Amino acid sequence: MKIVVIGGTGLIGSKLVRKLGEQGHEAVPASPNTGVDTLTGEGLAEVLVGADVVVDVSNSPSWEDDAVMEFFGTSTRNLLAAEAEAGVGHHVALSIVGTERLPENGYFRAKIAQEGLIEASSIPFSLVHATQFFEFVKGIADSAADGDTVRIAPVLFQPIAGDEVAQALARVATGAPLNGRVEVAGPERLRMDDFFRSALTALGDPREVVTDPHAHYFGSELCQRSLVPDDGAVLGKVGYADWLRATGSGR
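Everything numeric in this text was worked out from a predicted model, so none of it was measured. (Residues numbered from 1 in each chain as written. Predicted model: local features only at pLDDT ≥ 70, side-chain atom pairs only at ≥ 80, totals over all residues. Heavy atoms only, no water.)

Asker: Lay out the packing of aromatic side chains in plain terms, naming residues and giving numbers.
Answerer: The full count for this structure, using the stated rule, is 13 aromatic pairs. Ring centres 4.9 Å apart and planes at 85° place the aromatic pair Tyr217 and Phe218 in the edge-to-face group. In this structure an aromatic cluster arises from ring pairing among Trp63, Phe71, Phe72, Tyr107, Tyr217 and Phe218. (Phe/Tyr/Trp six-rings, centres within 6.5 Å; stacked < 30°, edge-to-face > 60°.)

Asker: So what's going on with the environment of Asp65? Which residues, and what values?
Answerer: Positionally, Asp65 belongs in helix α3 (residues 65–86). Residues in contact with Asp65, not counting those within four places in the same chain, are Gly106 and Arg109. (Helix = DSSP H or I, 4+ residues; strand = E, 2+ residues; numbered from the N terminus. Contact = heavy atoms within 4.5 Å.)

Asker: Quick one: what's the story with the pairing of strand β3 (residues 53–56), residue by residue and with numbers?
Answerer: What you see with β3 is no split at all: Val53 and Val55 on one side and Val54 and Asp56 on the other are buried throughout. Following the backbone out of β3, through α3 and into the adjacent parallel strand β4 (residues 90–96), one traces a crossover that is right-handed. (Buried < 20%, exposed > 50% of the residue type's maximum accessible area, 1.4 Å probe, protein only. Right-handed = clockwise from strand over helix to strand, strands pointing away.)

Asker: Describe the sheet that holds β3, naming the residues involved and giving the relevant values.
Answerer: Strand order in the open sheet made by the 7 strands is β2-β1-β3-β4-β5-β9-β14, with parallel pairing throughout. A strand with exactly one partner marks an edge of an open sheet, and here the two such strands are β2 (26–30) and β14 (234–235). Of the pairings in the sheet, the one linking β3 to β4 comprises 4 bridges and is parallel in character. Its bridge partner being in β4, Val53 is matched across the sheet by His90. Where helix α4 (residues 106–120) meets the sheet, it contacts β3, β4, β5 (125–130) and β9 (181–185), and its direction lies at approximately 160° from that of β4. Set on the sheet, helix α6 (residues 162–173) makes contact with β3, β4, β5, β9 and β14; between it and β4 the angle comes to about 155°. (Pairing = 2+ DSSP bridges. Axes fitted to C-alpha atoms, helices over the stretch in contact; angles between N-to-C directions.)

Asker: Would you mind going over the packing of helix α1 (residues 11–22) against α6 in detail, with residue names and values included?
Answerer: Packing of α1 against α6 brings their axes to within 9 Å, and their N-to-C directions diverge by 55°. Taken as axis vectors, α1 and α6 run oblique relative to one another. As α1 runs across α6, the sense of the crossing is right-handed. Taking contact as the criterion, the partners of Ile12, Lys15, Leu16, Arg18, Lys19 and Leu20 in α1 are, on α6, Gly162, Asp163, Val165, Ala166, Gln167, Leu169 and Ala170. Residues that form the contact of α1 with α6 fall into these classes: 7 nonpolar, 2 polar and 4 charged. (Parallel < 35°, antiparallel > 145°, perpendicular 65-115°, else oblique. Left-handed = near helix turned anticlockwise from the far one by under 90°. Nonpolar A, V, L, I, M, F, W, Y, C, P; charged D, E, K, R; others polar.)

Encoded structure:
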């Protein structure tokens, strides 16, 4: 199959393009770096010629509330219109576990709006909701930093390796459209403050993790299950410690 990966030069997209290519598919990375801009529509018609499936793993360059809503709204409308014109038979989009649980979060609101556009379109679709990536652990800690401390809520946390997110996307993209969603998460469900305490130690980060029930996650206060999947999620096999060893990311 010809599978176009929007955001195909980024973290997850580049992994997905490689995995699809290894399976014998024609995987085409599409991003501003390759001359395809979903915000303006530039290059979309050309890259979608003959495409069977489109996988959208693109991300907004800004996380400011209005900017991220504009990005996901405009780019998704442009993409769906171009797919309809090209006769694409399956639209796959990567989203986040728990989007509907944190509507006060501007980024999550934009992802909810994106999903609504996809569900309302005429194109068969699949939504892949993933938990937080191991690759983003340091960034999450940085966002929660308060001087030499990192304030983390004692809620459930179940992060996943980016490689396993790409594997899940490849399975979905090469299968029949779900016309619904599947959730994917890592194999270990831990308390978020405990996870970050261990993770920062493994990374050689001297900051102290402080347990704070009111700590914000990118501007949102969390409930116990805000960031973890419901029953029936597809679970990865690689834990964080094994991932650190395999990638050489630890100290």
